[in-house]
Amino acid sequence: QNEPTVFKGLAGVVVDRTAVSKVNPESNSLLYRGYPVQELAAQRSFEEVAYLLWNGELPTEDELADFEEQERSLRHLAPAVRRVIDELPVTAHPMDVVRTAVSLIGANDPQVDDASPEANRAKGLRLWAQMPSIVAYDQRRRHGLDLIEPRNDLGYSANFLFMTFGEVPELVVVEAFDVSMIMYAEHSFNASTFTARVITSTMSDLHSAITGAIGALKGPLHGGANEAVMHIFDEIGAGPGAGERAEVWLNHTLDAKRKVMGFGHRVYKHGDSRVPTMYTALLTMIEHYGRPDMLELYESLAAAMTARTGILPNLDYPSGPAYHLMGFDTLTFTPIFVAARITGWTAHIIEQTAANALIRPLSLYNGHEERHLS
Ligand code: CMC
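Not measured: the values here are computed from a predicted model.

Engineer: Explain the overall build of the chain to me, and be specific about the residues and the numbers.
Structural biologist: Secondary structure summary: the chain contains 16 helices and three strands in total. Rg of the C-alpha trace for the chain: 21 Å, near the compact-globule value of 21 Å for 374 residues, within the 12% margin. Its C-alpha atoms put the chain at 70 × 50 × 45 Å along the principal axes. Burial analysis of the chain (374 residues in total) assigns 43% to the buried set. Long-range pairs, those at least 24 residues apart, make up 76% of the contacts in the chain with a sequence separation of at least 6.

Engineer: Explain the UniProt feature "active site" (unreviewed entry) in the chain to me, and be specific about the residues and the numbers.
Structural biologist: UniProt feature "active site" (unreviewed entry): in the numbering of this structure it lies at His265 and Asp316. The largest pairwise C-alpha distance within this set of annotated residues, which runs over 52 residues, is 10.7 Å, so the set is compact in three dimensions. Summarising the element assignment, His265 is placed in the loop between α12 (242–255) and α13 (275–288). Once you skip the residues sitting within four places of it in the chain, His265 turns out to touch Asp272 and Asn314. The contacts of Asp316, once residues within four sequence positions are left out, are Ala225, Asn226, Val229 and Gly262.

Engineer: How would you sum up the domain arrangement of the chain? Please name residues and give values.
Structural biologist: Along its sequence, the chain is carved into domain 1 (21–174 + 186–218 + 340–354) and domain 2 (225–326). When each unit is reduced to the centre of its C-alpha atoms, the spacing between domain 1 and domain 2 is 26 Å. With 10 residues of domain 1 in contact, the opposing surface of domain 2 contributes 11 residues. Among the elements of the structure, β2 (29–32), α1 (37–43) and α8 (171–184) are those that each provide at least two residues to the side of domain 1 that touches domain 2.

Engineer: Before we move on, can you summarise helix α7 (residues 156–165) with the specific residues and values?
Structural biologist: The element α7 is extensively covered by neighbouring structure, given that nine of its 10 residues are classed as buried. Buried within α7 we find Tyr156, Ser157, Ala158, Asn159, Phe160, Leu161, Phe162, Met163 and Thr164. In the core, the buried residues of α7 are packed alongside α2 (46–55), α3 (61–73), α6 (117–142) and α8. Directly beyond the C-terminal end of α7, a positive phi value near 80 degrees is found at Gly166.

Engineer: Run through the confidence of the model for the chain, naming residues and quoting values.
Structural biologist: Reading predicted coordinates in detail is not appropriate for stretches of low pLDDT. Averaged over all residues, the pLDDT of the chain equals 97, while 100% of them reach at least 70. In the model output, the complex is listed with pTM 0.97 alongside ipTM 0.97.

Engineer: Summarise the nonpolar core; cite the residues concerned and give the values.
Structural biologist: In terms of nonpolar packing, the biggest core is built from 98 residues, with Val49, Leu53, Val98, Ile182, Ile210 and Leu297 touching the most fellow members. With 11 residues, the single largest contributor to this core is helix α16 (residues 333–354). Counting the residues that make up this core, at least three belong to each of domain 1 (21–174 + 186–218 + 340–354) and domain 2 (225–326). Setting aside residues no more than four positions away along its own chain, Val98 makes contact with Ile134, Val135, Ile214, Pro335 and Val338.

Engineer: If you had to explain the pairing of strand β1 (residues 21–24) to someone new, which residues and values would you point to?
Structural biologist: Residue alternation in β1 divides its side chains into a buried set, Ser21 and Val23, and an unburied set, Lys22 and Asn24. Here β1 runs beside β2; their pairing, made up of four bridges, is antiparallel. From the neighbouring strand, Asn24 faces β2, where its bridge partner is Ser29. Joining the antiparallel neighbours β1 and β2 is a turn of four residues, in which Asn28 adopts a positive phi near 55 degrees.

Engineer: For the packing of α6 against α7, give the residues involved together with the corresponding values.
Structural biologist: The N-to-C vectors of α6 and α7 enclose an angle of 25 degrees; their axes lie 8 Å apart at closest approach. Judged by the inter-axis angle, α6 sits roughly parallel to α7. Of the two elements, α6 crosses α7, and the hand of that crossing is right-handed. Contacts from Pro132, Ser133, Ala136, Gln139 and Arg140 in α6 reach Asn159, Phe160, Met163 and Thr164 in α7. Within the contact of α6 with α7, the residues separate by chemical class into four nonpolar, four polar and one charged.

Here is what the cut-offs are and how they apply
Residues numbered from 1 in each chain as written. Predicted model: local features only at pLDDT ≥ 70, side-chain atom pairs only at ≥ 80, totals over all residues. Helix = DSSP H or I, 4+ residues; strand = E, 2+ residues; numbered from the N terminus. Rg over C-alpha atoms; globule rule 2.2 N^0.38 Å. Buried ≥ 20, exposed ≤ 12 C-beta atoms within 10 Å, placed from the backbone. Contact = placed C-beta atoms within 7 Å. UniProt positions renumbered as here; feature names shortened; annotations may be inferred. Domains from an automatic or database assignment. pLDDT = per-residue confidence, 0-100. Core = buried A, V, L, I, M, F, W, Y, C linked by C-beta atoms within 7 Å. Pairing = 2+ DSSP bridges. Axes fitted to C-alpha atoms, helices over the stretch in contact; angles between N-to-C directions. Parallel < 35°, antiparallel > 145°, perpendicular 65-115°, else oblique. Left-handed = near helix turned anticlockwise from the far one by under 90°. Nonpolar A, V, L, I, M, F, W, Y, C, P; charged D, E, K, R; others polar.

Okay, here's the thing in structure tokens:
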């Protein structure tokens, strides 16, 4: 009897169709609804990209104005959400705080069981709009600081930074942050998006799907890598001699058969299509904050890794130090990724619902032979 092939990690398996985004590892490109992500990052705002992902087309001027007005009106946290965040220990990982807040918001959502595309778009919008309030407040409370109320005269990224730091940084910082949000917004059937689709396929609700997706994103093989990159930078230390230290650290890590976070990708084998754009944003931040030492460390570690393994950086490698330079705590990096990816997850939840099939793969049993109670 022929044994079925096991596709461990579903590597190379095409499980469904999607019109949301296209990852092409051969041409090293990433398209959102047909548009190259680099073009979107250069010419459009994160809000326009969110609208594109959810509606399939870029907004007209009027549609964008209306969309922005709605998003800005939904940013405030309900007192219950704030209370629950306050109850969580400051030692809890911020991803656990975000996951808990999303679950709570779901329990209170007036449309929780409505899975129509309109309701899912509305629920996604409400959640997306509140995410900066949750993430920024969580970083602030860890420093003993109070919640800052959102400002509805600011765009999504500027308000996110304002709510975190109490002031709007210079435009160049807002733009680099906005680029990172666009880069993180969507990436086809990655682990967290697939998790969201699996949950949706059981006809469960959007908040459950996103709560599960956050759990998947937390791991260092996925979204948690941007945080892990910064831990590596801290361990090696920027400044004189960083190049040599990076090489020693790398050899030690690889000799111990440990993964170097921020490198490698399941789909891209010739480099991550999002890296050049995010690298440019990082360079801008390095120049803006006057930190050439950070660049030296970045380049040295990447060069040593590529020389020894041929494995190239992924998006988390430039985004981690960029967020650090902007002033975010390392533990806040992956929650920022959540705020960005809620746009992609919502688009996939809508798509999965529209042409649903329960996701239920098979397994090859390798346990004990059949046996019987005496
Ligand atoms: N450091 C050291 N070795 C690596 C790395 C790495 N970052 N990535 C791959 N390899 C090696 C791996 O050890 C294996 O070697 P061998 O064949 O000798 O056992 C080989 O390359 C193939 O790796 P794999 O882990 O089997 O391949 P995969 O397709 O499952 O890996 C990955 C994809 C992202 C899990 C992996 O590259 C990795 O663990 N990278 C570090 C974590 C990371 O940066 N994740 C973020 C991914 S991109 C952003 C996102 O989607 O969230």
